[in-house]
Amino acid sequence: MHMQMENNLPASFENPYFYGKTDEFLLDKEDNKTVTVNCTIANCKITVAYSSQTLSNFNTCVTTIATAGGSLVFNKDETRAGYFHLEPIIIETILTYNKLDGSTLTKSLTGTIDNPQPAKHYTIQVDVSLADGESL
């Protein structure tokens, strides 16, 4: 017997997906039987945390977390957790900063989670500093 909730989305905020399975069993039409199915989180959870240094130094902070099936955008004010299918995850953070001469500097950071695990909480910590008005 399989138990699945209908919310198995590739990427979604605040949407854990649970799955459970029991050994096969047979019921006759007159039988009553109790079967226990333990369901656990079958997708992974991701949150993004921007350091106070990053938030104070950059005008915009946007992290996109994507799988083959979908993506979510975490801006600097996003506090919700995202839940993702267990397939390779690509992480891209774009930061912008206004330089003293009025031009805009864009900093891009990338990373991956090649083999995400079920029920695991991954926290992406973005901590970027500026030195002499330039990004490090």
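Everything that follows concerns the structure shown earlier in this document.
Residues numbered from 1 in each chain as written. Predicted model: local features only at pLDDT ≥ 70, side-chain atom pairs only at ≥ 80, totals over all residues. Heavy atoms only, no water.

S.K.: Describe a nonpolar patch on the surface, with residues and values.
M.R.: A cluster of nonpolar side chains, namely Phe25, Leu27 and Val35, defines an oily patch on the protein surface of about 220 Å² accessible area. Along the chain, Leu27 turns up in the loop between strand E3 (18-21) and strand E4 (40-41). (Patch = residues over 30% accessible without salt bridge, like charges linked within 9 Å, V, L, I, M, F, W, Y side chains within 5 Å. Areas by Shrake-Rupley, 256 points an atom, 1.4 Å probe, with all protein chains shown as cover. Salt bridge = Lys/Arg side-chain N within 4 Å of Asp/Glu carboxyl O. Helix = DSSP H or I, 4+ residues; strand = E, 2+ residues; numbered from the N terminus.)

S.K.: Tell me about unusual backbone geometry, and name the residues and values.
M.R.: In this structure, Glu14 is a non-glycine residue whose phi angle is positive, near 50°. Within the secondary structure, Glu14 is located in the loop between strand E2 (11-13) and E3. In the Ramachandran plot, Ala119 falls in the positive-phi region, its phi being about 65° despite a non-glycine side chain. Structurally, Ala119 is set in the loop between strand E10 (104-113) and strand E11 (121-126). On the accessibility criterion, Ala119 (53% relative accessible area) is exposed. (Buried < 20%, exposed > 50% of the residue type's maximum accessible area, 1.4 Å probe, protein only.)

S.K.: I'd love a proper account of the pattern of salt bridges, names of residues and values included.
M.R.: Per the counting criterion, the structure on display carries one salt bridge. One salt bridge in this structure joins Glu78 and Arg80, with 2.8 Å as the shortest N-O distance.

S.K.: Could you give an account of the sheet that holds E11, with specific residues and numbers?
M.R.: In spatial order, the strands read E2-E8-E5-E11; together these four strands make up an open sheet with mixed pairing. Only two strands of the sheet have a single neighbouring strand rather than two, namely E2 and E11. Adjacent strand axes in the sheet meet at a mean angle of 25°, parallel and antiparallel pairs treated alike. The pairing of E2 with strand E8 (residues 82-84) spans three bridges and is classified as antiparallel. Of the residues in E8, the one forming a bridge with Ala11 is Phe84. (Pairing = 2+ DSSP bridges. Axes fitted to C-alpha atoms, helices over the stretch in contact; angles between N-to-C directions.)

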